[in-house]
Structures are given as C-alpha cells and as structure tokens.
Amino acid sequence: PQDTVNVVVVGSGGAGFSASVSAHDNGATVILIEKEPVIGGNAKLAAGGMNAAWTDQQKAKGIEDSLELMTEDTMKGGRYINDPALVDVLVSHSKASVDWMTAMGADLSDVGRMGGASVNRTHRPSGGAGVGAHIVQVLYDNAVKRDIDMRMNTRGVEILKDDSGKVTGLLVKGMYKGYYWIKADAVILATGGFAKNNERVAKLDPKLKGFVSTNQPGATGDGLDVAANAGAAMQDLQYIQAHPTLSVKGGVMVTEAVRGNGAILVNREGKRFVNEITTRDKAAAAILEQTGKTAFLIFDDSVRKSLKKIEKYIGLGIVSTADSLVKLGKLENIDGKALTETVARYNSLVTSGKDTDFGRPNLPRALNEGNYYAVEVTPGVHHTMGGVKIDTKAEILDAKKQVIPGLYGAGEVTGGLHGANRLGGNAISDIITFGRLAGEEAAKYSKKQ
Ligand code: ADP
C-alpha cells in the first residue's frame, strides 16, 4: 500500500462529502476519492431541496409538520416497501441534518413543497439558488478547511479484506498514478446510482430502454459492482425513477419546484390531465399517456418571479414566452383556445381553494400575471432507488444479513430507504443524514481497530 488512513470515502457527491467531514470530525484521518475529474456527482445538480420535519425554519414560517407525517409521506411515496428502520433514521435525523448544514454555513431558510409531501418541508436557499450546488460548495469548503485529502480522477476498484472478512483497504486506479492500494480500517461507498447507464437500467426495467437521463456521466453504477465483489447484498434494484419533467428542447431537468410554485401541466390538446404535484412515478406515467408522450409546463410571471432557477431555463432557450395563452399555444403547437379555458378553469379552482378536477393539494397562485410561459417536457431516468443493503448504522450487509466489518454505504448507492419511489427532496436529506452517520460510525469503528 502507498497510503494508510483510517477511513477511505469513495465518491464526492453529497453523501461522500458528508461522510468525509463527519469522519474527520469524529477523529479519523480521511482520504476521499472521486473517479471523475470534478467533484459533486449528481448531488450538485439537485434543484429541489432537503426534506426535514419539525425544523426551526418551518416553525418560523408557521408550518405545522410532524415526524409521523414525514414518515407517512415517505412510506406512501415509496409504496410502503421502504425499510421502516431506515425511514425512521431519515426522519428523526432530518432536523439535526438541516442544523448541521446550517452550522457549516449553508442557507436552508426557504421552505417549499415537492411532490408527495403533505406540507411544506423542502428546505432550500432563499432567493431560489440551486440547493445541490450550494450544499456541495459548503461541504467542499468545509473539507478544504479540514485539510481532507481529496483525489479526483481516482476510481475505487476493489475492496480488500483479510482472511476473517474484515476490510483492510481499497485498491484504486488513479488516472496518472495507475493502480495502488490505500490501507484503511473502513471504506465508505458513496458512489451514487446508475441512471446514466442505460444498458444497466434497461436490463432491470425494459420500459426504460433508450430513455435519456438527467444524471451526470459518473452515474454508471460501477460502485455497485465493487460492493457486490465484496459480498454486499442488493435490494430493490428494479425500482428506477423517471423524473417527469425533462425538457424536450434541451435535455435539461426542470425542477419540481416549478410545479410546486404554481405551474400546471397540460397536454398537446391544452388540457390538464394530472395532479401536478403527485409523486414522480405517477406524474411520469401520466405524461407518457399523452399525445407524443410529452406535456407542457405552463406558468406566468408570478411563478417566474418566485423561482430564480426559471431564469436559467429561460437563458438555456427551453422556455417559450408570449403575452397571451393563444399566442403561447401557437408557439408550441398547443390548442390555444383549450389552453385559455384550462387556465381560466384552474384559476377558478385556485380561488375556490380546492382542485375538484385532479385533487392537487397545493394551489399557490392563479396564473394571470403578465407573460405566459411554456416548457415541453418528457420523463427521463433520474434516480435509482435500489442498491446495497445497509442497516441503521450505514453498515453494509451481506446476503446472510451479516455486517461486512469495516464497509459502509450512504446515499444513492444504497437501497431500501426510498422503497419503490423516492420523493423529491428526500435525496438531499438522505445523503446528508446517512453520509454523516456513515462517517461517524466508520470513525468509531476505526478507533476500535
Ligand atoms: P450521492 O447523491 O449518493 O452522494 P452522487 O451521484 O452525488 O451520489 O455522487 C456519487 C459520486 O461517486 C459521483 O461523483 C461519481 O462519479 C462517483 N463514483 C462513482 N463510482 C465511483 C468509483 N468506483 N470510484 C470513485 N468514484 C466513484
């Protein structure tokens, strides 16, 4: 081995960074490796927010939430096949995780709503900045402050064990250095999911063959093979989430917050067809049933003003704009008369406070201010729910449900927490809580070695 350390963390997304910082703060020496030339994984692309219940930020806004409600929403969203013990960890640590990030310098003071949530609990920066980039930046700054050894272009290849089955380190391949070993008491896998690997995706869910993906290039799932070689058990790999709103024009994912803040979805015929803030699996399935398998997000200036991210979408050229719905319809080849009627009907539902057509639970604003906007969208592969099996200490289990000593997992590489379908806002919550937990547990374990 060329290097000796207490804990090696594989992957530089939110889970890997949280694990690195937390392992360090619990007394461990840490090396963080990342196979790509850049840090941040998919985490840095996350646009929604961080779900948490019973937080000071919610209280400051008069939002009534409870741990029970967040548990129920998460289980319902996951079709009740989630591992309840992992959900309990997510929910019960969620406030502490928001506080931990805030203490490190994050701004999570704004609280919005994402699909499948009964109340506003998605914590995000005020002013509409992207939550993922912000969180990764804060974690990176904290890792730099702690002088954590970070190595890009370095792939985790194989977990090394002794005869008793205990982890002794990791074989890695550096782009320039080639293969070398890092001797370590514990390895934390935080390698993310495999949504970008359509071959792997389509083998598990043939319906998704040929689908585009919202993910960064590193989301290929080779971390799962590393884990499998070390004897890790897998869970729920067949559950793969399509994000409902990928822009047809630009292949850019349009955050659920656009709908959360008031946009509606209509089809080519200009008609609404779904509760816009239902869970992602249902929204995606509903869009695939429409003409041409696409739909249109429709909103006005009041929605635009409420979310900074929309300026980015406009800058990318994926948004059509007109000063009337009929003109907007012409630009996108949507039936303009029907669209006008649909928006008028929707506005009357907003006034009445109840969506008797599709049961949308939040009706934040009528669409009647200034210009109108349309974005054509279609589902893209977004998140892989399945992965390695872990326990409530983020320890990775083998096929006999025995802990593999010294091997930990956190974030999208793990399965079980989100069941069959992950709620928007629960990924950031997952990676911070389980990353932090994995770092702490691995550091404690290392001290005993
Ligand atoms: P999470 O949201 O769970 O933190 P991300 O997708 O944000 O997951 O981050 C996972 C990171 O792990 C990505 O940057 C990816 O490139 C990296 N990665 C994946 N496999 C390996 C590997 N075998 N070795 C090193 N890094 C890896």
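Residues numbered from 1 in each chain as written. Predicted model: local features only at pLDDT ≥ 70, side-chain atom pairs only at ≥ 80, totals over all residues. Heavy atoms only, no water.

Per an unreviewed UniProt entry, the protein goes by the name Fumarate reductase and belongs to Shewanella benthica KT99. Within the UniProt record for the protein, the comment given under Subcellular location (unreviewed entry) is "Periplasm". (UniProt positions renumbered as here; feature names shortened; annotations may be inferred.)

On to the pairing of strand 8 (residues 167-174), then. Within strand 8, six of the eight residues are buried, which leaves it mostly tucked inside the rest of the structure. Pairing analysis gives six bridges linking strand 8 to strand 9 (residues 178-189), with the strands arranged antiparallel. Paired with Leu-171 across the strands is Trp-181, a residue of strand 9. Where strand 8 folds back onto strand 9 in an antiparallel hairpin, the turn is made up of three residues. (Buried < 20%, exposed > 50% of the residue type's maximum accessible area, 1.4 Å probe, protein only. Helix = DSSP H or I, 4+ residues; strand = E, 2+ residues; numbered from the N terminus. Pairing = 2+ DSSP bridges.)

Next up on the list: the site of the ligand. As a matter of local geometry, the ligand sits amid 25 residues, with Ala-15, Glu-34, Ala-43, Gly-156 and Glu-412 nearest to it. Contact distances for the ligand include 3.0 Å between an oxygen atom and a backbone N or O atom of Ala-15. When the free accessible area of the ligand is taken as 580 Å², the share hidden by the protein chains comes to 97%. Those elements that place two or more of their residues in the shell around the ligand are helix 1 (14-25) and strand 7 (154-161). Ranked by residues supplied to the shell around the ligand, first place goes to strand 7 with three residues. Broken down by class, the residue content of the shell around the ligand amounts to five nonpolar, 14 polar and six charged. (Near = heavy atom within 4 Å. Polar contact = N/O pair within 3.5 Å; in protein donor to acceptor, adjacent residues only side chain to side chain. Areas by Shrake-Rupley, 256 points an atom, 1.4 Å probe, with all protein chains shown as cover. Nonpolar A, V, L, I, M, F, W, Y, C, P; charged D, E, K, R; others polar.)

Another aspect to go through is the sheet that holds strand 16 (residues 387-389). The three strands lie next to each other as 10-16-19, forming an open sheet whose pairing is mixed. Because the sheet does not close on itself, it has two edges, and the strands there are strand 10 (234-235) and strand 19 (414-415).

Contact pair helix 1 / helix 14 (residues 426-448): the axes reach a minimum separation of 7 Å and the direction vectors enclose 40 degrees. As for how helix 1 packs across helix 14, the hand of that crossing is right-handed. Together, Gly-14, Ala-15, Ser-18, Ala-19, Ser-22 and Ala-23 of helix 1 and Ile-431, Ile-432, Gly-435, Arg-436, Gly-439, Glu-440 and Ala-443 of helix 14 make up the contact between the two elements. Of the residues assigned to the contact of helix 1 with helix 14, the class counts are six nonpolar, five polar and two charged. (Axes fitted to C-alpha atoms, helices over the stretch in contact; angles between N-to-C directions. Left-handed = near helix turned anticlockwise from the far one by under 90°. Contact = heavy atoms within 4.5 Å.)

What follows concerns the packing of helix 3 (residues 67-77) against helix 4 (residues 84-103). Contact geometry of helix 3 with helix 4 gives a least axis separation of 10 Å together with a crossing angle of 135 degrees. Relative to helix 4, the element helix 3 is oriented oblique. Considering how the two elements wind past one another, helix 3 and helix 4 form a crossing that is right-handed. Contacts between helix 3 and helix 4 pair Leu-67, Met-70, Thr-71, Thr-74 and Met-75 from the former with Pro-84, Val-87, Leu-90, Val-91 and Ser-94 from the latter. (Parallel < 35°, antiparallel > 145°, perpendicular 65-115°, else oblique.)

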